[in-house]
Amino acid sequence: MSKILYEVYQNDIKDSESAMYGKWYARLKSIETLSTTKLAKHISEHGSVYTQDVVEGVMTKFKNCLLEMLLESKKVKVTGLGTFYLTAECEKGGADKEADFNVNQHLKALHIRFLPDQTAEDNISSREFIKKAEFINVKSLLKSGTSDEEGDGGNGGSGNQSGSGSEQSGNSGSGSQQQNTLAKPTISGVTPFTDSTEVTMSGPEDAEIRYTTDGSTPTAQSTLYEGGFVLNDTTTVKAIAIKNGESSEVSTRLFSKGTGGEPGGNGDME
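Residues numbered from 1 in each chain as written. Predicted model: local features only at pLDDT ≥ 70, side-chain atom pairs only at ≥ 80, totals over all residues. Heavy atoms only, no water.

What about the sheet that holds strand E4 (residues 82-90)?
Pairing is antiparallel in the open sheet, where 3 strands are placed in the order E3-E4-E5. The open sheet has two edge strands with one neighbour each: strand E3 (76-78) and strand E5 (107-116). On average, each strand axis in the sheet is inclined to that of its neighbour by 30°, with strand direction left out of account. As paired strands, E3 and E4 are joined by 3 bridges and run antiparallel to one another. (Pairing = 2+ DSSP bridges. Helix = DSSP H or I, 4+ residues; strand = E, 2+ residues; numbered from the N terminus. Axes fitted to C-alpha atoms, helices over the stretch in contact; angles between N-to-C directions.)

Here's what the structure looks like:
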């Protein structure tokens, strides 16, 4: 049976519904975000007759064709998994009259959505999926010293971020074991967020920032930060600062798609 990690947290937002304030809930924890390459490698080593490069090529083609079909007003159903489709997000306020509606003025964004398959044999809807997993409280793993997982942060709007989404220090991947003197970058943005959130970063003066969004450790070859970018789904962002050949420790922040932002959610998580 699959193993799902979770932690228990207390809703400490005083302006939430009185029946919810002070009560305890569960949120899930993730240990890794698999990139396309890592998933392709797993598939190729999981009883597949296809090599990793073939699997990754098919997955890349699927992604490209999926987007193409969605942009042609088609839904895409993956049997046994679910259906992908687009929804529209409009500017707040809308148009006063039907005749006044203008796509360029009133349409804000398009979002890719996913509806789980709910046929009897492949039901992965929320109520059925829960029956297929074994749940493990991360507190029990932390006590045994065997867990270094990152938080999913699905806190249902709670501002309590204890043990979740905090920055983690580590080696930047340069192989050097000496203490880093270059300050690591700061990753900012609202988390949890409802539809999307903008991520911004700052670091030491004259240092460049390299980052990843697939859970991997950033290196000097990772994406160069050149300005804020938008996330639409739960994502782990990792970043390092580089100056004069020296790399900082890794900054990590988890941006979780939830039911609302936390107080001070634009601040940095230390």
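A word on the nonpolar core
Core analysis: the biggest nonpolar cluster contains 12 residues, these being Ile187, Phe193, Val199, Met201, Ile209, Tyr211, Tyr225, Phe229, Leu231, Val237, Ala239 and Phe255. Elements that contribute at least two residues to this core include exactly strand E9 (197-202), strand E10 (208-212), strand E12 (229-231) and strand E13 (235-243). Discounting chain neighbours no more than four positions away, the residues touching Met201 are Thr186, Ile187, Ile209, Tyr211, Tyr225, Phe229, Val237 and Ala239. (Core = buried A, V, L, I, M, F, W, Y, C linked by side-chain atoms within 4.5 Å. Buried < 20%, exposed > 50% of the residue type's maximum accessible area, 1.4 Å probe, protein only. Contact = heavy atoms within 4.5 Å.)

Description of a nonpolar patch on the surface
Taken together, the side chains of Val49, Tyr50, Val54 and Val58 define a hydrophobic patch exposed on the protein surface, amounting to about 420 Å² of accessible area. Using a relative accessible area of 73% as the deciding quantity, one classes Val49 as exposed. (Patch = residues over 30% accessible without salt bridge, like charges linked within 9 Å, V, L, I, M, F, W, Y side chains within 5 Å. Areas by Shrake-Rupley, 256 points an atom, 1.4 Å probe, with all protein chains shown as cover. Salt bridge = Lys/Arg side-chain N within 4 Å of Asp/Glu carboxyl O.)

So, the sheet that holds E9
Strand order across the open sheet formed by 3 strands is E8-E9-E12, with antiparallel pairing between neighbours. The open sheet has two edge strands with one neighbour each: strand E8 (186-188) and E12. The average undirected angle you get between the axes of adjacent strands in this sheet is 30°. Relative to E9, E8 is paired through 3 bridges, and the arrangement is antiparallel. The partner of Thr186 across the bridge, within E9, is Ser202.

A few points about the packing of helix H1 (residues 36-44) against helix H2 (residues 52-70)
At their nearest, the axes of H1 and H2 sit 8 Å apart, and the two run at 125° to each other. One element, H1, and the other, H2, form an angle in the oblique class. The chirality of how H1 crosses H2 is right-handed. Contact residues: H1 offers Thr36, Thr37, Leu39, Ala40, Lys41, Ile43 and Ser44, while H2 offers Gln52, Val55, Glu56 and Met59. (Parallel < 35°, antiparallel > 145°, perpendicular 65-115°, else oblique. Left-handed = near helix turned anticlockwise from the far one by under 90°.)

Quick look at the confidence of the model for the protein chain
The pLDDT averaged across the protein chain works out to 79; a share of 75% of its residues lies at or above 70. Note on residues 146-178: pLDDT is under 50 here. Beyond four places in sequence and across chains, it has 110 contacts. Residue range residues 260-270 is modelled with pLDDT below 50. Its contacts to residues more than four positions away, or to other chains, number 40 contacts. (pLDDT = per-residue confidence, 0-100.)

Things to note about the side chain of His111
Considering the arrangement of structural elements, one finds His111 in strand E5. Within the structure, the side chain of His111 is placed 2.5 Å from the side chain of Glu89, a separation counted as a polar contact. Not counting the four nearest positions on each side in its chain, His111 is found in contact with Tyr85, Leu86, Thr87, Glu89 and Asn232. (Polar contact = N/O pair within 3.5 Å; in protein donor to acceptor, adjacent residues only side chain to side chain.)

As for the side chain of Arg210
With respect to the helices, strands and loops of the structure, Arg210 is situated in strand E10. Engagement of the side chain of Arg210 in a polar contact is seen with the backbone oxygen of Ser222, the distance being 2.8 Å. Apart from residues lying up to four places away in sequence, Arg210 is in contact with Pro218, Thr219, Ala220, Ser222, Thr223, Leu224, Lys238, Ala239, Ile240 and Ile242.

Topic: the packing of aromatic side chains
One pass over the full model with this rule turns up 4 aromatic pairs. Here Tyr9 and Tyr25 contribute two aromatic rings whose centre-to-centre distance is 6.1 Å and whose plane-to-plane angle is 35°, an arrangement assigned as tilted. Taken together, the positions of Tyr9 in strand E1 (residues 2-10) and Tyr25 in strand E2 (residues 24-30) put the pair 16 residues apart, joining distant regions of the chain. Using a relative accessible area of 30% as the deciding quantity, one classes Tyr25 as partly exposed. Centre to centre, the rings of Phe84 and Phe114 are 5.0 Å apart; their planes meet at 50°, and the pair counts as tilted. With Phe84 in strand E4 and Phe114 in strand E5, the pair connects residues that are 30 residues apart, well separated along the chain. You can call Phe114 partly exposed: its relative accessible area is 34%. Each member of the aromatic cluster is reached from another via a ring pair, and the members are Tyr211, Tyr225 and Phe229. For the cation-ring pair, Lys75 lies above Tyr85, with the distance from its terminal atom to the ring centre recorded as 5.6 Å. (Phe/Tyr/Trp six-rings, centres within 6.5 Å; stacked < 30°, edge-to-face > 60°. Lys NZ or Arg CZ within 6 Å of the ring centre and 35° of its normal.)

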